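For reference, the chains in residue letters:
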Amino acid sequence: MLIRLMAALGVVLTVPACATVTRGTNTAWEVTSTPPGARVETSNGFQCRATPCSIRMPRRSEFVATLTLEGHQPATVTVTNRVATEGGVAMAGNVILGGIIGAGVDAGTGAMLDLTPNPAHVELRPQD
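Residues numbered from 1 in each chain as written. Predicted model: local features only at pLDDT ≥ 70, side-chain atom pairs only at ≥ 80, totals over all residues. Heavy atoms only, no water.

Enquirer: Could you give an account of the sheet that holds strand E5 (residues 63–68), with specific residues and numbers?
Expert: Reading across from one edge, E3-E2-E5-E6-E7 is the order of the 5 strands in this open sheet, with antiparallel pairing throughout. What marks the edges here is a single partner per strand, and that holds for strand E3 (47–48) and strand E7 (113–116). When strand E2 (residues 39–42) meets E3, the two strands line up antiparallel, connected through 2 bridges. Within E3, the residue paired with Val 40 across the bridge is Cys 48. (Pairing = 2+ DSSP bridges. Helix = DSSP H or I, 4+ residues; strand = E, 2+ residues; numbered from the N terminus.)

Enquirer: Quick one: what's the story with the pairing of strand E1 (residues 26–34), residue by residue and with numbers?
Expert: Across the two faces of E1 the burial differs, with Thr 27, Trp 29, Val 31 and Ser 33 buried and Asn 26, Ala 28, Glu 30, Thr 32 and Thr 34 not buried at all. Note that E1 and strand E4 (residues 53–58) share 6 bridges and pair antiparallel. Pairing of Trp 29 across the sheet is with Ile 55, part of E4. Pairing analysis gives 4 bridges linking E1 to strand E8 (residues 120–123), with the strands arranged parallel. Note that in E8 the partner of Thr 34 across the bridge is Glu 123. (Buried < 20%, exposed > 50% of the residue type's maximum accessible area, 1.4 Å probe, protein only.)

Enquirer: I'd like to hear about the sheet that holds E8, residue by residue, with values.
Expert: Judged by pairing direction, the sheet is mixed, and its 3 strands sit side by side in the order E4-E1-E8 without closing on themselves. In this open sheet, the two strands that pair with only one neighbour each are E4 and E8. On average, each strand axis in the sheet is tilted by 30 degrees relative to the strand beside it, whichever way the strands run. (Axes fitted to C-alpha atoms, helices over the stretch in contact; angles between N-to-C directions.)

So, in C-alpha cells, the structure goes:
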C-alpha cells in the first residue's frame, strides 16, 4: 500500500508545470526590417546589432523595440504576449490532472505565453 501511495505521489509531482517543462520560460523573438541591417534596442534592455536577428526573451515580456538605421527614420514595434495554443493545452492538462501548483507555476513563469508579433517585421522609411 505504501509503495502504491509513493508511486502515485511521484506521478503527481511530475505533472505540475507542464508548459514550464515542455516550452520553457524563454523564447526567441525574431525581427526583420526592410532594408536589413537595422540596430534593435528594446525597452527591457535587450539589443541586437543588425536585422535580421533573434533575441532570447522571457515569454512574459512586454516591450517596445526601436529600430535605427543610418539614413532612415527610427521605427518602433510594440511587443506583447498572449496565451499560446500549446500553453493553453498545457494549462488545461494541469487543471484536468489536478496540478493546481503546476498551473500556478506556468502562469507565474509565463511558460504558457508567446510573444506577439513574432516574428516582427518593420519597414524603415528613408529620412527626408
